[in-house]
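Close look at the chain arrangement
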Amino acid sequence: MKALLNNSLLPMMRTQTVAGSQRRELILLSLFLVLIWGVTAMLSPRFLSIDNLTDILVQAAPLGFVVLGQMLVIVVRGLDLSVASIMATAAVLSIGANDSTISIVLLALAVGAIVGGVNGYLVAYRGVTPFLATLATMIVLQGIRFAYTKGAPGGSLPETFRWMATGSIGGIPVSLIVLAVVAVGIYWLLMRTKFGYQLRLFGDNPQSAYMTGAPVRKIQVIVFVLSGVLAALAGLFLVGYVGIVDNWTGQGYELDSIAAAVIGGAALRGGKGSVAGVLLATLILVSLFNIVVILGLSVEFQLVIKGLLIVLAAAVYLSKSRD
Amino acid sequence: MINTNQQSSSAWLGNLARAVRFETMHWVIIGLIFAVFALGSFGSERFATLTNIFNVQDQLVALAIIALAQTLVILSGGIDLSFAGLLGLLCVFFAGFNAQDGETLALAFAATLALGAFLGAINGAITAFIGVHPFIVTLGTSTILTGLALLHSSQPGGSVALFFEDVAYARLGGVPYGFIFVVLLYIFTAFMLWRSNFGIRLYAIGNNEAAAKVSGVPVKQTKVLVYMLSGLLASLAAIYMVGRFGVGDPRAGVGFDLRSITPVIVGGTLLAGGFGGVLGTALAVILLSLLANALNLMNVSSFYQWIIEGVIIICAVSVLVGRSKK
């Protein structure tokens, strides 16, 4: 009993020290963002215009949704490689099936929830490694999507989506309002509810979460469902932003979202993740793309910088967590 | 689910014996290969011809080499996602020599092998000495290398001596040279895993890194070595690809990061490391290549092929999970 108590108290105490290191991480990330924005502004005055900065934020919104879901999955020691495939499949199926905005949204979110549920079931109840479970659903979804569209997606995109992704209410972009609401919701869920506590406890130490009676399997399933739903939402926003429904919508988002989550302070060994951190990291990744374009560098440079950033960030966090 | 690592730390010698022995999983794959054969012969009269079988042997060479590299890395408890960028860079690098005579070709060979080994060693060093998760390290380096490959040449370019292309297309009594080379490579690697200190250490680290360290295994050096080998094998695959295509394509590696993992897992090697071997990977590469070929000849669109591939991964893993629970 004593050991049990110790086990369950340990992560709580660790949370306290984690809070301190997370504050430092947030400061570091903000400084880095200010640094790259500052350097770019000096080289090209065009960069700091309101229009351009708004554009960066709006571009970052779809990745932001995916990253929030990915972060939750990483906190429970998982990994979701199927998010990009969910984005495209949810958008293609729901827009191909009907024209009404509400039913498109509901259908897309349902697709995300079902796929997330399958991922969660395979991981929690069948004991499949998250990497493989989500890799398999990624490939299956790809097949379903192409078989459904026969290679060329149909259906017309209602104007509402264009407005959702690029429009604004009182000067504030709609997509950012939705992202802020979702981010606050996820923060509340993760940090202020019993579910969130059990979720972090499971990521920190599955054994002790199990012993304290947390419904560990349900937690995993719910987290994967959330990730799927957020990916589907991101798919709709991205389709609205681009203006075209494409079979490869969101390609590359699976690895980008993992990179952003890790740069933002989520640890792949589980138990650690911060909403503000991963959103800042998302903004950094999307800014890099914008900066490369504004400075007239070739797009390949973006890849080199992004890769260096991923490795550097991971190395920095690691040496700090050893202190 | 809670306690996934059920193998005791001292069991790695037993695992070693199992690595070269026939497992239930291997029989399952062989059974599936026969099933695909039946399906293919039934669905297309062109399938069960010698010409077609030799073609399949040609098609699986690059995947087989990369899957072999991935097997070694996964056995050590790591993962290598850098092939997407690495193969592209090595292809444009090798083709960039424009080797037309034997001397330049030898130089290009040596330089490409050295570059592959060097880049692999960087992956290994960051993983082993700084302690960053290999997933993140290799994801990062893959992104960097993709960028470098595209900066080197944005379009497929370069060339290689015609006589080298002839070698890549040559056949010995119908069997492609490339396939013979792959078979020898697999046999050599199996012996290395079975007999050498390096092989034993690889299993020990994959099974239980802490225990391996305590028993005196040079964990960090072995890790660097395995990623170096992975880079070296990627060089061989890249050289072969340039030989086949005649040019270096900076996008030659696209998709190989995840595609290289499928045969390893279907072949029964555990993603957690320390268990499995090259025999399973070899059988799985044959199975997946034959299946793709049969479905192609039966005019099944690649859309349905994806669905089938995903279902096969789920089934294979479920069988493995069922076994490890016993």
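Each remark here, short or long, concerns the structure printed above.
A brief report on the enclosed structure follows. Remember, predicted model here, so these are calculated numbers, not experimental data.

Digging into the overall build of chain A
The helix and strand inventory of chain A stands at 13 helices and two strands. Taking 20 Å as the expected radius of gyration for a compact globule of 323 residues, we find that chain A reaches 20 Å, a close match to that expectation. Taking the principal axes of the C-alpha coordinates as reference, chain A spans close to 60 × 50 × 35 Å. Of all 323 residues assigned to chain A, the portion counted as buried reaches 50%.

Some thoughts on the overall build of chain B
Along its length, chain B carries 16 helices and two strands. Its C-alpha radius of gyration of 20 Å places chain B within 12% of the 20 Å reference for a compact globule of 326 residues. If one aligns the C-alpha atoms of chain B with their principal axes, the spans along those axes are about 55 × 50 × 35 Å. Look at the contacts in chain B between residues 6 or more apart in sequence, and 82% of them connect residues 24 or more apart.

Observations concerning helix H15 (residues 278-297) of chain B
Residue and element names in this part refer to chain B. With 20 residues, H15 should reach 28 Å at 1.5 Å per residue; the first-to-last C-alpha distance of 28 Å fits that figure. Within H15, 18 of the 20 residues are buried, leaving the element largely enclosed by the surrounding structure. Asn299, located one to two residues past H15, shows a positive phi value of around 60°.

As for helix H7 (residues 134-152) of chain B
For the α-helix, the turn length of 3.6 residues means that residues three or four positions removed from each other point alike. Given a rise of 1.5 Å per residue, 19 residues ought to cover 27 Å, and the 26 Å separating the end C-alpha atoms of H7(B) matches this to within 8%. Buried residues dominate H7(B), accounting for 17 of its 19 residues.

Some words on the packing of helix H8 (residues 162-169) of chain B against helix H12 (residues 219-245) of chain B
All names here are of chain B. Between H8 and H12, the least distance of the axes is 8 Å, while the angle of their chain directions is 105°. Classified by the interaxial angle, the pair formed by H8 and H12 is roughly perpendicular. Contacts from Phe164, Glu165, Val167 and Ala168 in H8 reach Tyr240, Gly243 and Arg244 in H12. Counted by class, the contact of H8 with H12 contains four nonpolar, one polar and two charged residues.

Here's the deal with the packing of helix H4 (residues 101-124) of chain A against helix H5 (residues 130-149) of chain A
All names here are of chain A. In the contact formed by H4 and H5, the axes pass within 9 Å of each other and the chain directions differ by 145°. In terms of crossing hand, the pair formed by H4 and H5 is right-handed. In this structure, H4 uses Val115, Val118, Asn119, Leu122 and Val123 to contact H5, whose residues at the interface are Pro130, Ala133, Thr134, Thr137 and Leu141. Tallied by class, residues from the contact of H4 with H5 come to seven nonpolar, three polar and no charged.

Section: the interface of chain B and chain A
Contacts between chain B and chain A engage 35 residues on the former and 38 residues on the latter. For the side of chain B that touches chain A, the secondary-structure elements that each account for two or more residues are helix H6 (102-130), H7 and helix H16 (302-325) of chain B. No other element matches H7(B), which puts 13 residues into the side of chain B that touches chain A. Of the residues that constitute the side of chain B that touches chain A, the class distribution is 25 nonpolar, nine polar and one charged.

About the cut-offs
Residues numbered from 1 in each chain as written. Chains lettered and ligands numbered in written order. Predicted model: local features only at pLDDT ≥ 70, side-chain atom pairs only at ≥ 80, totals over all residues. Helix = DSSP H or I, 4+ residues; strand = E, 2+ residues; numbered from the N terminus. Rg over C-alpha atoms; globule rule 2.2 N^0.38 Å. Buried ≥ 20, exposed ≤ 12 C-beta atoms within 10 Å, placed from the backbone. Contact = placed C-beta atoms within 7 Å. Expected span 1.5 Å × (residues − 1). Axes fitted to C-alpha atoms, helices over the stretch in contact; angles between N-to-C directions. Parallel < 35°, antiparallel > 145°, perpendicular 65-115°, else oblique. Nonpolar A, V, L, I, M, F, W, Y, C, P; charged D, E, K, R; others polar. Left-handed = near helix turned anticlockwise from the far one by under 90°.

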